[in-house]
Amino acid sequence: MRVALFATCVNDALYPSTAVATVKVLERLGVEVDFPAEQTCCGQPQYNTGYRRATEPLVRRTARAFAGYDHVVTPSGSCVAMVRDNYPRIGAKALAEGRGRELSGAAASLVPKTYELTEFLVDVLGVTDVGAYFPHTVTYHPSCHGLRMLGLGDRPRRLLEAVRGLELVELPGAEECCGFGGTFAVKNADVSEAMGDDKIRNALSTDADVLCGADNSCLMHIGGMLRRQDAPLRALHLAEILASTEEEPLR
Amino acid sequence: MSGTYLGMPSFPEAARDAVRDVTLRGNLRRATHTIRDKRAGAVAELDDWGRLREAGKRIKDHTLRHLDRYLVQVEEAVTAAGGTVHWAADAAEANAIVTRLVQETGESEVVKVKSMATQETGLNEALEAHGIRAYETDLAELIVQLGKDRPSHLLVPAIHRNRGEIRDIFRSEMSEWGRPAPEGLTDTPAELAEAARLHLREKFLRARVGISGANFMVAETGTLVVVESEGNGRMCLTLPETLISVVGIEKVIPTWRDLEVFLQLLPRSSTAERMNPYTTMWTGTTDGDGPRAFHLVLLDNGRTDTLADEVGRQALRCIRCSACLNVCPVYERAGGHAYGSVYPGPIGAILSPQLRGTASAIDASLPYASSLCGACYDVCPVAIDIPEVLVHLREKVADQGGKGHRLERAAMRAATWLLDHPAALTAGERLASKTRKLHPERLPGPGARQWTNSRDLPDLPAEPFRDWWKKNRA
């Protein structure tokens with residue numbers, strides 16, 4: 001099977017190790033991975049801040065980049081939610097404003113074939129044991145978009161539970177937002193910090209070594225607070241744990 | 001809406017103090033978590049909750065689409081049942097109508113059932129200006145009124161107060177308004193409730209005019225419905241000689257059968273009860289029973305404008321259950337007062353800027369008072385997609401280009417340009433990676449400074465992913 005990797009702008013520029021890990025996990029499972037270089041960003045920051053029109057070139061670009069593929073896989077729940085929930089809205093509003101069918105068609109074309117990594121592994125490949133090894137105590141933070149918009153359910157947990165050596169511990173208040181929310185973290189910095197503080201207090205109470213998530217945007221916020229406080233807990237993307245093996249363990 | 005909220009600072013400014021108020025955050029956290037957990041349990045008992053929710057959404061959407069027809073039906077039915085219907089385009093008009101109606105009775109005191117509509121119009125203050133004193137009879141509203149405070153929650157207006165604070169308010173303020181608090185009042189719930197009961201009983205027995213809102217209006221019969229927990233509402237609705245109900249035009253539902261759906265959705269969503277203790281219904285006037293005169297004031301106050309917005313109009317489905325407040329992580333930390341309206345929390349963040357417009361600092365900031373986590377949409381019993389409306393309203397605010405948005409628009413456009421030109425983007429990523437040792441830990445400038453006040457930025461990688469791909473896979 002051949003799939004296109006949608007690395008996302010955050011992973012490309014700040015967390016390339018997550019995109020590399022995604023490539024490695026997929027290849028280990030026999031998937032042929034492509035990275036169409038014209039891809040950049042799904043446009044979520046612009047859209048969620050109220051700049052819908054500024055999102056349109058990126059919707060077109062994203063659709064064009066992945067036009068030749070049946071499956072698009074990304075290690076970012078929030079970007080999938082952007083495509084699935086908001087691309088059709090952007091297309092419909094553009095149509096209503098009389099800007100042609102092209103954008104609306106482009107937006108719609110991506111919806112059925114874009115998958116979040118854990119969805120793709122569990123639902124399309126039918127795998128929960130990806131042959132990973134990670135001998136650490138891990139607690140899992142389900143990001144809001146993965147949890148509520150995509151309804152990922154227990155897919156990430158099933159993948160983590162199948163990792164050899166890994167001990168999964170419950171995160172109290174797991175379903176509560178960490179306070180990132182894109183530009184919310186800047187526009188409402190005080191409330192965002194208060195939410196983040198509670199999230200890391202809960203995470204630290206688990207005594208885990210690693211806080212795992214499937215969205216590097218949330219992990220940037222949580223991890224940034226953990227580092228500022230010199231906390232004995234590191235934030236790590238799920239893909240990197242799944243990529244870790246006995247032969248090539250992640251440190 | 002109410003003049004008491006004019007000149008409010010923007011949400012982030014108003015939230016700043018609340019976030020640092022340890023007592024307030026403790027009160028809110030305890031209360032919201034208790035209600036949200038109970039609600040989840042009450043909802044889980046019904047295996048057809050999803051279908052009820054869909055039914056509630058559809059009935060409301062249908063009614064809103066044909067609102068003109070159903071309102072005329074309400075007017076005809078109420079009139080036929082012996083009531084009088086008045087139409088109010090805005091808050092000032094509604095207050096003027098009510099003031100005139102009270103003056104015509106010759107009374108200078110009224111008792112009130114808890115009502116969001118009259119809080120929205122600032123009725124108490126308007127009556128006060130004409131020498132008419134309005135007594136709130138809902139326990140939490142009483143606490144707010146005695147404390148010269150503002151409500152901070154739809155269902156539990158005094159949620160921001162703890163028992164000790166309530167005892168102090170009763171002790172120092174009750175005598176100003178009527179029967180004083182009993183000697184040696186403690187902060188046990190039973191004693192506090194008894195003090196309120198004695199204080200209020202005196203008012204119920206004396207009042208000749210009652211003022212209410214309504215949770216629902218049934219178009220086919222002109223019946224109004226109030227759903228409550230304490231029974232104080234029923235006292236106000238049945239004892240006075242004149243009853244005046246001020247009701248938002250979106251509260252109408254077509255038939256009694258439709259009421260069945262909402263009487264299941266509302267109590268479980270709001271108080272986590274299978275059924276609320278008191279449901280009072282009244283249809284016009286009846287000889288020998290209840291008020292001798294009944295007036296219905298139908299309030300628009302921005303609702304027709306809201307209805308005109310295809311995305312935003314879903315806010316008018318709201319049945320004021322407050323489930324979205326109780327589950328909202330932003331409300332939990334910022335408190336209800338930061339929203340600058342009688343409608344706080346997620347629903348307030350989409351309702352207030354639509355009812356009032358987005359000209360003021362507070363209204364322009366409300367659509368951004370959310371991390372878009374979606375918990376509010378999940379719990380909403382009439383499936384209002386609050387995150388969708390928030391983003392839609394952000395676009396309106398950004399388009400009007402007020403404070404901060406011009407610079408932001410330029411930045412967003414620049415970002416889009418860069419992201420639409422991968423060669424330039426790659427060059428930028430490479431430059432950032434190459435100079436990564438030189439970047440300061442705390443950054444200057446709006447946004448970056450806010451971010452690095454409490455968080456470290458991630459270390460920049462040695463190379464962006466696209467370069468790794470080129471070297472290793474392409």
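Residues numbered from 1 in each chain as written. Chains lettered and ligands numbered in written order. Predicted model: local features only at pLDDT ≥ 70, side-chain atom pairs only at ≥ 80, totals over all residues. Heavy atoms only, no water.

Under an unreviewed UniProt entry, chain B has the name Putative iron-sulfur protein and belongs to Streptomyces ambofaciens.

By the naming in an unreviewed UniProt entry, chain A goes by Lactate utilization protein A and is assigned to Streptomyces ambofaciens.

The next thing to look at is the packing of helix α4 (residues 52-65) of chain A against helix α5 (residues 77-96) of chain A. All names here are of chain A. At a closest axis distance of 11 Å, the pairing of α4 and α5 adopts a crossing angle of 115°. Taken together, the axes of α4 and α5 are roughly perpendicular relative to one another. By crossing handedness, the relation of α4 to α5 is classed as left-handed. Two secondary-structure elements touch here, α4 through Arg52, Thr55, Glu56, Leu58, Val59 and Thr62 and α5 through Met82, Tyr87, Ile90, Lys93 and Ala94. For the contact of α4 with α5, the class distribution of residues is six nonpolar, two polar and three charged. (Axes fitted to C-alpha atoms, helices over the stretch in contact; angles between N-to-C directions. Helix = DSSP H or I, 4+ residues; strand = E, 2+ residues; numbered from the N terminus. Parallel < 35°, antiparallel > 145°, perpendicular 65-115°, else oblique. Left-handed = near helix turned anticlockwise from the far one by under 90°. Contact = heavy atoms within 4.5 Å. Nonpolar A, V, L, I, M, F, W, Y, C, P; charged D, E, K, R; others polar.)

Next up on the list: the packing of helix α21 (residues 422-434) of chain B against helix α23 (residues 465-472) of chain B. The description of two helices packed together rests on the angle between their axes and the distance between the axes. Residues and elements named next belong to chain B. Close contact between α21 and α23 brings their axes to 9 Å; oriented N to C, the two are set at 100°. Between α21 and α23, the crossing angle belongs to the class labelled roughly perpendicular. The segment α21 lies against α23, with Leu425, Thr426, Glu429 and Arg430 engaging Arg466, Asp467 and Lys470. Its residues assigned to classes, the contact of α21 with α23 shows one nonpolar, one polar and five charged.

Here we come to the pattern of salt bridges. Side chains bearing opposite charge may pair, as long as their charged atoms lie close to each other. Enumeration according to the criterion identifies 57 salt bridges over all chains in this entry. Lys187(A) is the salt-bridge partner of Glu408(B), the closest N and O atoms lying 2.5 Å from each other. Of this pair, Glu408(B) sits in helix α20 (residues 405-419) while Lys187(A) sits in helix α10 (residues 184-187), which puts the two residues in different chains. Since its relative accessible area comes to 15%, Glu408(B) is described here as buried. (Salt bridge = Lys/Arg side-chain N within 4 Å of Asp/Glu carboxyl O. Buried < 20%, exposed > 50% of the residue type's maximum accessible area, 1.4 Å probe, protein only.)

Further remarks concern the interface of chain A and chain B. The parts lose accessible area when they come together, and the size of an interface is often stated as this lost area. Facing the 63 residues of chain A at the interface are 64 residues of chain B. At the boundary of chain A with chain B, total buried surface from both sides reaches about 5,600 Å², with 56% on carbon and sulfur atoms. For the chain A face of the interface with chain B, the top three residues by lost area are Asp12(A), Tyr51(A) and Arg228(A), together amounting to 13%. There are 15 salt bridges connecting chain A and chain B. (Buried area = accessible area lost by both parts, 1.4 Å probe.)

Here we take up helix α5 (residues 91-105) of chain B. Residues and elements named next belong to chain B. If you check α5, its first and last C-alpha atoms are 22 Å apart, about what 15 residues at 1.5 Å a residue would give, namely 21 Å. All of the buried residues in α5 are Ala91, Ala94, Asn95, Ile97, Val98, Thr99, Leu101 and Val102. Count one or two residues on from α5 and you reach glycine 106, which has phi positive near 80°. (Expected span 1.5 Å × (residues − 1).)

Before going further, it helps to examine the UniProt feature "domain: Cysteine-rich" (unreviewed entry) in chain A. Mapped onto this numbering, the UniProt entry gives "domain: Cysteine-rich" (unreviewed entry) at residues 3-83 and 138-222 of chain A. Taken end to end, residues 138-222 of chain A is 47% helix and 12% strand, and its first and last C-alpha atoms sit 15 Å apart. (UniProt positions renumbered as here; feature names shortened; annotations may be inferred.)

Feature annotation in UniProt places "domain: LUD" (unreviewed entry) on residues 73-285 of chain B, given in this structure's numbering. Helix and strand shares over residues 73-285 of chain B are 46% and 19% respectively, and the end C-alpha atoms of the span are 17 Å apart.

Residues and elements named next belong to chain A. The strand order across the open sheet formed by four strands is β6-β5-β7-β8, and the pairing between neighbours is parallel. Every interior strand has two partners, whereas the edge strands, β6 (167-169) and β8 (234-237), have only one. Strand-to-strand, the axes of this sheet are offset by a mean angle of 35°, without reference to chain direction. The pairing of strand β5 (residues 137-140) with β6 spans three bridges and is classified as parallel. Across the sheet, valine 138 pairs through a bridge with leucine 168, a residue of β6. (Pairing = 2+ DSSP bridges.)

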